[in-house]
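Notes for the structure review
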Amino acid sequence: YLQGIDIIELRFNKAMERTIRESIEKARNTLLGLEVMSEEENAITLQVLSSSYGDVKELIRNMSKIARSMYLDVAEALLSWDISLANSIHFRDDNLNRLYFYTVRTIRKQLTSSALKENILKLTDFRIVAKVIEEIGDEAKHGANVILEILHRELKIGKEDLNHLKDCVRNLDILYQEVIRKALSTGFDVVELYEIMVQCNELLDKLSKRKSAIHERFSTSLYSLAEVYAVYETITAYIYDIASLALTPL
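Below: a short report on this structure.

1. A look at the side chain of Arg-210
- Within the fold, Arg-210 resides in helix H6 (residues 190–215).
- A polar side-chain atom of Arg-210 sits 3.0 Å from a polar atom in the side chain of Asp-161.
- Once residues within four sequence positions are removed from consideration, Arg-210 is found in contact with Glu-160, Asp-161, His-164 and Tyr-229.

2. Observations regarding the packing of helix H5 (residues 159–183) against H6
- Where H5 contacts H6, the two axes come as close as 11 Å, and the packing angle between them is 155 degrees. Considering the angle they form, H5 stands roughly antiparallel to H6. Crossing angle aside, the handedness with which H5 passes H6 is left-handed. Residues Glu-160, Asp-161, His-164, Asp-167, Cys-168, Asn-171, Leu-172, Leu-175, Glu-178, Val-179 and Lys-182 of H5 lie in contact with H6, whose contacting residues are Glu-192, Ile-196, Gln-199, Cys-200, Leu-203, Lys-206, Leu-207 and Arg-210.
- Counted by class, the contact of H5 with H6 contains 8 nonpolar, 3 polar and 8 charged residues.

3. Some points on unusual backbone geometry
- Positive phi is not limited to glycine here, since Trp-81 has a value of about 55 degrees.
- Checked against the element boundaries, Trp-81 lands in the loop between helix H2 (56–79) and helix H3 (83–113).
- Exposure remark for Trp-81: the relative accessible area of 37% places this residue in the partly exposed category.
- Backbone geometry places Glu-154, a non-glycine residue, at a positive phi of 55 degrees.
- Position of Glu-154 relative to the elements: it lies in the loop between helix H4 (117–152) and H5.
- What makes Glu-154 exposed here is its relative accessible area of 55%.

4. Regarding the layout of surface pockets
- The calculated volume of the largest pocket comes to roughly 160 Å³.
- Of all the elements in the fold, those that place two or more residues in the lining of the largest pocket are H2 and H5.
- Here the residues of the lining of the largest pocket are counted per class, giving 3 nonpolar, 2 polar and 4 charged.

5. So, the packing of aromatic side chains
- All told, the structure shown has 2 aromatic pairs when counted by the stated rule.
- Ring centres of Tyr-71 and Tyr-176 lie 5.2 Å apart, and the angle between their planes is 85 degrees; this geometry places the pair in the edge-to-face category. Taken together, the residues Tyr-71 in helix H2 and Tyr-176 in helix H5 connect sequence positions 105 residues apart.
- Residue class for Tyr-71 comes out buried when judged on its relative accessible area of 1%.
- The exposure class of Tyr-176 is buried, given its relative accessible area of 2%.
- The ring of Tyr-1 is capped by Arg-105, whose NZ or CZ atom sits 5.2 Å from the centre of that ring.

6. Section: the environment of Ala-86
- Checked against the element boundaries, Ala-86 lands in helix H3.
- Residues Ala-86 and Ala-144, 58 residues apart in the sequence, show an inter-C-alpha distance of 5.3 Å.
- Those residues within four positions of Ala-86 in sequence are excluded, and the remaining contacts are Ala-77, Ala-144, Ile-147 and Leu-148.

7. Looking at the pairing of strand S3 (residues 43–48)
- By the criterion of burial, S3 is predominantly enclosed, with 5 of the 6 residues buried.
- Sheet analysis places strand S1 (residues 7–11) next to S3, joined by 5 bridges and oriented antiparallel. In the sheet register, Leu-10 faces S3, and the bridge partner there is Ile-44.
- Note: strand S2 (residues 34–39) against S3, 5 bridges, orientation antiparallel. Residue Val-36 lies in a different strand from S3, and its bridge partner there is Leu-46.
- Joining the antiparallel neighbours S2 and S3 is a turn of 3 residues.

Cut-offs and rules
- Residues numbered from 1 in each chain as written.
- Predicted model: local features only at pLDDT ≥ 70, side-chain atom pairs only at ≥ 80, totals over all residues.
- Heavy atoms only, no water.
- Helix = DSSP H or I, 4+ residues; strand = E, 2+ residues; numbered from the N terminus.
- Polar contact = N/O pair within 3.5 Å; in protein donor to acceptor, adjacent residues only side chain to side chain.
- Contact = heavy atoms within 4.5 Å.
- Axes fitted to C-alpha atoms, helices over the stretch in contact; angles between N-to-C directions.
- Parallel < 35°, antiparallel > 145°, perpendicular 65-115°, else oblique.
- Left-handed = near helix turned anticlockwise from the far one by under 90°.
- Nonpolar A, V, L, I, M, F, W, Y, C, P; charged D, E, K, R; others polar.
- Buried < 20%, exposed > 50% of the residue type's maximum accessible area, 1.4 Å probe, protein only.
- 1 Å grid on protein atoms, 1.4 Å probe; cavity = no way out; pocket = protein on both sides within 12 Å on 5 of 7 lines; lining within 4 Å.
- Points joined across faces, edges and corners; volume = space filled by probe spheres on them.
- Phe/Tyr/Trp six-rings, centres within 6.5 Å; stacked < 30°, edge-to-face > 60°.
- Lys NZ or Arg CZ within 6 Å of the ring centre and 35° of its normal.
- Pairing = 2+ DSSP bridges.

The quantities given are spatial measurements derived from coordinates; they are silent on function.
Spelled out as structure tokens, the structure:
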């Protein structure tokens, strides 16, 4: 699938075992576009129904939208005390993973048919950007788990702490949207890249200091809040990584 193969045939010397069928079904639910086309007692044929190359930029743009909704809703679930919203982040992580694997497949398929060096470099950068976005989603999923613990245990978080977190997430979101926009369009010139990296470092410093200050207050609920800050600290570092790839047009 990841190598860009459209038709995958599996054949066995005997009837397929139940565990094999379960593994195939799990893969089908994980990999976008993969469907069962025919099945026998000892063989099964799978096909990726969408065999077109696809628009890599659009795929990554869609990935970034899912990841953004996830990290925004981590904070929103805490601010609005919404358990169902925190739970929904897990389902979006599944969708993000499916889209990520499909993006990797699309990039690899294009790489095997690309003869121009500049295209190979561009696709390689896109591959890294897609992976970083997928990791942002994983980090948001971890944040959702922390939020669920806070909500289920009914741990109390002060209004000042919540407002500070909200402000940090707002600043992070501005950076994220700008970095994704530039990475998928013109890229940063040297001055722009320096400015965005300074802003990332300032936010990292702000998150780190707040996390340390929370730890010093010796409260169970605040320890969990500090872990939420750690999540956004990691996401900011990922944003920095994407920016560093966008020095020249991708």
